[in-house]
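Structural characterization, general
Now for the letters of each chain:
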Amino acid sequence: MPPAPRGRGPVVAALMVAMALAAVDGTVVSTAVPRIVGDLGGFSVFSWLFSGYLLAVTVTLPVYGKLSDTFGRKPVLVGGIVLFVLGSLLCAGAWSMTALIAFRVVQGLGGGALQGTVQTIAADLYPLEERPKIQAKLSTVWATSSVAGPAIGGLLSTYADWRWIFLVNLPVGALALWLVVRHFHEPARPRPAVRPRIDWAGALTIFCGTALLLTALVQGGVAWDWLSAPSLALFGASAVLVALTVLVERRAADPIVPGWVWRRRPIASVNLALAAMGLLMVAPTVFLPTYAQSVLGLGAIPAGFVLSVMTLTWPVSAALSNRVYGRIGFRFTAMTGMGCALLVLLAFTALPYPGAVWQPVLIMLLLGASLGLFQLPLIIGVQSTVGWAERGTTTASVLFCRQLGQSLGAALFGAVANATLASRLGDAPAAGLPGDLDSVARALEDPGTLTASAADTLRRAVDAAVDHVYLGAAAAAALALLVLVCVTPRDFPAVAEETAAAPADG
């Protein structure tokens, strides 16, 4: 059995602090971008501050998952914290935008270890009936970070220096490292008869293939056209590497991504459902702030609040989900959550123009509650179907698919939004109107350059574009429901619990 609850407190604190490192990072950097660009330049490539980090996190998740199953959770988590802190220190000393982007990738290499391993240890520590408690605490970390991150980033970049947004990670990382080293102890396990061999060939092909695919998705339609030579070359190369990965993993003695991840229905179906959720999450996280500023006329901070309210109901719903799936099961609980999310996303498209602020706020509150009821039961359910030696790989595969879905969604819905804008503005009576979402948002930030009629035309075009994105998100929700109905088994066969972690002595 897992260790006694009174001995888990310091370990849980360590997990929450480690998760806070990764959770705060994205939101705290976003508010400091203007100061960073003003100091280092590189406006044309600053988006890679986020894309580079996300790419590094995503491509390393499967590798860290397998390493944690092979060598234990603690060395992977410690290595991730050290790498993240090192990347933060390098970012603080960056002398150019290129250097900063490269160091953000180093941060992401550590962030991949943090995200996957923390979720795995949380499942190791708690038996099935208690896992919503720790997952709710981790969700609260993300919720708090989404609110506190922008405020911290704004204060530091305004009253100190943008480099401090990276330097503050050092004491937080040191605390997380001390808590993990001091209090997290894994029980001794029998030495394997054969020394574990790392599948470096598989790791390399997975890393390169995913990196090329994500680069194609992030840059397609932005840096170059979708049907241009660079885009086709990246997609083609990634397809070749994916095929090569399958061949390598089939022949490997201990593959990074074992075949059973996709042969077992519970794991495969959860991977597909979470990928669909990653797809639909792009609508609120990427496009809602633009809608709030351009259509509702809010400032950046109030627009961020409209989005952040989703994180208020998400952890509450997740914490209470065990009362639901304890009665009707993981599958039907997730179906209930995603069914509600589908209705909420469709309701957004019915909002009046321009509407009142409370309307999208209510939509986001309901969406957070729905997705908390969907995601957590699936993660807990799929973790319950595997033992300690497979839990890291399983958890990493779920998170990897969710991240990949988000990257695909950003590319797909970005194309939908820009196509809608081009269609609406192409026939507009006013000449010289911008034709993509970023240009429209910048034009509306300086209304003195537009007539009242032109500004209204732009706002209506943004409203239509975001409505179409939310329709796409509703289609992704319907896809997730289809997976749950047709692929996900009615029951998740649980394996016997086993001790995977213990608190420090004394």
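Okay, so let's go over this structure. Please read all numbers here as calculations on a predicted model, not as lab measurements.

About the cut-offs
- Residues numbered from 1 in each chain as written.
- Predicted model: local features only at pLDDT ≥ 70, side-chain atom pairs only at ≥ 80, totals over all residues.
- Heavy atoms only, no water.
- Core = buried A, V, L, I, M, F, W, Y, C linked by side-chain atoms within 4.5 Å.
- Buried < 20%, exposed > 50% of the residue type's maximum accessible area, 1.4 Å probe, protein only.
- Helix = DSSP H or I, 4+ residues; strand = E, 2+ residues; numbered from the N terminus.
- Contact = heavy atoms within 4.5 Å.
- Polar contact = N/O pair within 3.5 Å; in protein donor to acceptor, adjacent residues only side chain to side chain.
- Patch = residues over 30% accessible without salt bridge, like charges linked within 9 Å, V, L, I, M, F, W, Y side chains within 5 Å.
- Areas by Shrake-Rupley, 256 points an atom, 1.4 Å probe, with all protein chains shown as cover.
- Salt bridge = Lys/Arg side-chain N within 4 Å of Asp/Glu carboxyl O.
- Expected span 1.5 Å × (residues − 1).
- Arc of directions from axis to C-beta.
- 1 Å grid on protein atoms, 1.4 Å probe; cavity = no way out; pocket = protein on both sides within 12 Å on 5 of 7 lines; lining within 4 Å.
- Points joined across faces, edges and corners; volume = space filled by probe spheres on them.
- Nonpolar A, V, L, I, M, F, W, Y, C, P; charged D, E, K, R; others polar.
- Phe/Tyr/Trp six-rings, centres within 6.5 Å; stacked < 30°, edge-to-face > 60°.

Let us look at the nonpolar core. If you look at the biggest cluster of nonpolar residues, it comprises 71 residues, and the most contacted ones within it are L280, M338, L371, F374 and L378. Looking at this core, the elements that each hand over two or more residues are α11 (260-263), α12 (265-294), α13 (300-308), α14 (310-328), α15 (330-349), α16 (358-383), α17 (388-426) and α19 (452-486). Dropping the residues within four chain positions of it, L378 is found in contact with V270, A273, L274, A334, L484 and F492. Residues V11, M19, A22 and V57 belong to the second largest nonpolar core, which totals 29 residues.

The next subject is the side chain of T385. Here T385 shows up in the loop between α16 and α17. A polar atom in the side chain of T385 sits 2.7 Å from the backbone oxygen of V382. With sequence-adjacent residues up to four places away left out, T385 is seen in contact with P266, I267, F492, P493 and V495.

A contiguous nonpolar surface patch, about 330 Å² in accessible area, is contributed by F71, I198 and W200. Among the structural elements, F71 can be located in helix α3 (residues 48-71).

With 15 residues, helix α8 (residues 169-183) extends 21 Å between its outermost C-alpha atoms, agreeing within 8% with the 21 Å of an ideal straight helix rising 1.5 Å per residue. What α8 keeps buried is the set N169, G173, A176, L179, V180 and H183. Along the axis of α8, the buried positions cluster into a sector of 135 degrees, meaning they face one direction only. Away from the buried face of α8 by more than 90 degrees, exposed residues P171 and W178 are located.

Okay, the layout of surface pockets next. Taken as a whole, the second largest pocket spans an internal volume of roughly 870 Å³. V242, V257, W262, F400 and C401 are, among the 35 residues lining the second largest pocket, the residues nearest its centre. Taken together, the residues of the lining of the second largest pocket sort by class into 23 nonpolar, nine polar and three charged.

The subject of this paragraph is unusual backbone geometry. When glycine is set aside, most residues are seen to have a negative phi, and most peptide bonds are trans. With an omega dihedral of -5 degrees, the bond running from Y353 to P354 counts as a cis peptide bond. When you line up the elements, P354 lands in the loop between α15 and α16.

In this section: the packing of aromatic side chains. Overall, the coordinates contain six aromatic pairs when judged by the stated rule. Relative to F330, the ring of Y325 lies with its centre 4.7 Å away and its plane at 35 degrees, an arrangement referred to as tilted. Judged by its relative accessible area of 10%, Y325 is buried. F330 gets classed as buried once you look at its relative accessible area, which sits at 11%. Among the aromatic residues, those joined into a ring-pair cluster are Y291, F348 and Y470.

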